[in-house]
Amino acid sequence: MKINFVDIPADTKSMPVLNYKKINMKSVEVKSPPSPRVIHRLCKTCLEHDGLGLAAPQVGIFDRIFVTRTFDSPENEPSFWVYINPTWKAIADQGKSSQEEGCLSVPGLGFSVNRWEAIEASWVEWDLHGPTKITRVLSGIEARVFQHEHQHLSGISIVDVGISQKSCDADTKSSASH
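The structure displayed is predicted, hence computed values, not measured ones.

Procedures and definitions
Each residue is numbered by its place in its chain's sequence as written, counting from 1. A pLDDT threshold of at least 70 governs which residues receive local features in this predicted model, and a stricter bar of 80 or more applies before side-chain atom pairs are shown or counted, although totals over entire chains, interfaces and linings include all residues. Side-chain descriptors were evaluated using all non-hydrogen atoms of the structure, hydrogens and water having been removed beforehand. Under the scheme used here, helices are H or I runs from DSSP no shorter than 4 residues and strands are E runs no shorter than 2 residues, and both carry numbers assigned from the N terminus. The buried label goes to any residue with under 20% of its type's maximum accessible area, the exposed label to any with over 50%, and the partly exposed label to all in between, with areas taken from a 1.4 Å probe on protein chains only. Contact between two residues is taken to exist if any of their heavy atoms lie within 4.5 Å; hydrogens are not considered. Using a 1.4 Å probe, the Shrake-Rupley method yields the accessible areas, and only the shown protein chains count as cover for residues. Polar contacts, as used here, are pairs of N or O atoms within 3.5 Å; protein pairs need one atom able to donate a hydrogen and one able to accept it. Residues neighboring in sequence count only if both atoms are side-chain atoms. Classification of ring pairs uses Phe, Tyr and Trp, with its six-membered ring standing for Trp, and accepts pairs whose centres are within 6.5 Å; under 30 degrees between planes counts as stacked, over 60 as edge-to-face, and the remaining range as tilted. Two thresholds decide whether a charge sits over a ring: the Lys NZ or Arg CZ must be within 6 Å of the ring centre and within 35 degrees of the ring normal. Residue types Ala, Val, Leu, Ile, Met, Phe, Trp, Tyr and Cys, when buried and joined through side-chain atoms within 4.5 Å, form a set referred to as a nonpolar core. By this rule the span expected of a helix is its residue count minus one, scaled by 1.5 Å. Think of pLDDT as the predictor's per-residue confidence, scored from 0 to 100.

### Some words on the overall build of the protein chain
Across its full length, the protein chain carries three helices and 10 strands. Traced from its N-terminal end to its C-terminal end, the protein chain shows the element sequence β-α-β-β-β-β-β-β-β-α-α-β-β. Expressed as a percentage of its 178 residues, the buried residues of the protein chain come to 47%. When contacts within the protein chain are restricted to residue pairs at least 6 apart in sequence, long-range pairs at least 24 apart make up 69% of them. A total accessible area of about 9,000 Å² is found for the protein chain, and carbon and sulfur atoms account for 51% of it.

Here it is as C-alpha cells:
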C-alpha cells in the first residue's frame with residue numbers, strides 16, 4: 001500500500017526510536033488490518049528522523065509491519081510503501097554488494113552491510129474484501145532498505161550484521177538511515 005504524506009493527519013504524533021540495547025525487538029504476525037494511526041505514526045517518525053524506512057518494533061510496536069520511503073516521489077511530497085507480514089527471497093543471479101548504511105536505532109554510526117541487489121518481496125495489503133498478497137521485484141536501494149527493515153522484524157540490527165565503518169556526522173551523512 002502506498003501512502004502519501006499529505007494523507008497523514010496533522011495531529012499524528014511521532015514516536016521515539018528505540019535503541020537496540022534497551023529491548024529485544026522480535027515481532028509477531030499481523031492477523032487483522034493495522035490501525036491507520038500506527039501506520040501514520042511510523043511514517044511521521046521516519047520523516048522526522050530523516051530515515052528511509054522504519055520498522056514497527058523500532059518504536060515499540062511488535063507487529064510485522066514496516067514502512068519505506070518511495071524513491072519516485074518529489075522530495076517535497078514524500079510517500080511511503082507499507083509492508084505488512086513481509087517476506088522475501090533473493091534473486092541470486094543479481095548478486096550481492098556491500099554499502100554503508102545507517103540506522104535510526106544506532107544514530108550516528110555507519111556500517112558496511114552486504115545485501116542482495118535484487119529480491120522478490122511479498123507482503124499483505126488489506127481492503128474491504130480482506131487481505132491480498134502482493135509480490136513485487138525490488139532492486140537497488142529499494143531492495144536494500146526492504147532487507148534492512150525486514151531484519152528489524154526479527155530483532156536483528158546492522159550492529160549484528162554490519163562491519164562498523166565510522167561515526168556519521170549528521171551534517172555530512174553519507175549513508176542512508178533506516
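### A few points about the side chain of Gln-147
Within the element layout of this structure, Gln-147 appears in helix α2 (residues 140–152). In this structure Gln-147 comes out as buried when scored by relative accessible area, which is 3%. Among the polar contacts made by the side chain of Gln-147, one reaches the main-chain carbonyl oxygen of Trp-116 at a distance of 2.9 Å.

### A few points about the packing of aromatic side chains
Counted according to the given criterion, the structure contains five aromatic pairs. Relative to Trp-123, the ring of Trp-81 lies with its centre 6.4 Å away and its plane at 65°, an arrangement referred to as edge-to-face. In this pair, Trp-81 sits in strand β4 (residues 79–90) while Trp-123 sits in strand β7 (residues 118–127), placing the two residues 42 residues apart along the sequence. For Trp-81, a relative accessible area of 17% gives the class buried. Residue Trp-123 is classed as buried on the basis of its relative accessible area of 1%. Ring geometry for Tyr-83 versus Phe-146: centroids 4.9 Å apart, planes at 85°, classification edge-to-face. Taken as a pair, Tyr-83 in strand β4 and Phe-146 in helix α2 lie far apart in primary sequence, 63 residues in all. The two residues Tyr-83 and Phe-146 agree in class, both being buried. Among the aromatic residues, ring-to-ring pairing joins Phe-66, Trp-81, Tyr-83, Trp-123 and Phe-146 into one connected group. The ring centre of Trp-81 lies 4.7 Å from the NZ or CZ of Arg-136, which sits over that ring.

### As for the nonpolar core
Leu-42, Leu-54, Ile-65, Val-67 and Val-82 are the most contacted members of the largest nonpolar core, which has 16 residues in total. Of all the secondary structure elements, the ones that give two or more residues to this core are α1 (36–48), β3 (65–69) and β4. It is α1 that provides the largest number of residues to this core, a total of five residues. In this view, Ile-65 contacts Val-30, Pro-34, Ile-39, Leu-42, Ala-55, Ala-56, Pro-57, Val-82, Tyr-83, Ile-84 and Leu-153; residues no more than four positions away in its chain are not counted. Ala-55, Phe-66, Leu-138 and Ala-143 belong to the second-largest nonpolar core, a separate cluster that totals 11 residues.

### Section: unusual backbone geometry
Positive phi, close to 60°, is recorded for Asp-50, a residue that is not glycine. When you line up the elements, Asp-50 lands in the loop between α1 and β2 (53–55). Not every positive phi belongs to a glycine, and Asn-85 is a case in point at roughly 50°. Taking relative accessible area as the criterion, Asn-85 reaches 14% and is therefore assigned buried.

### What to know about α1
Counted at 1.5 Å a residue, the expected span for α1 with its 13 residues is 18 Å, and the 18 Å between its end C-alpha atoms agrees. Where α1 ends, the next residue or the one after it, Asp-50, has phi of about 60°, a positive value.

### Some details on the confidence of the model for the protein chain
The pLDDT averaged across the protein chain works out to 81; a share of 76% of its residues lies at or above 70. For the protein chain, per-element mean pLDDT is lowest for strand β1 (residues 2–4), which scores 56, and highest for α2, which scores 96. In the predicted structure, residues 169–175 sits below a pLDDT of 50 and forms eight contacts with residues beyond four places in sequence or in another chain.

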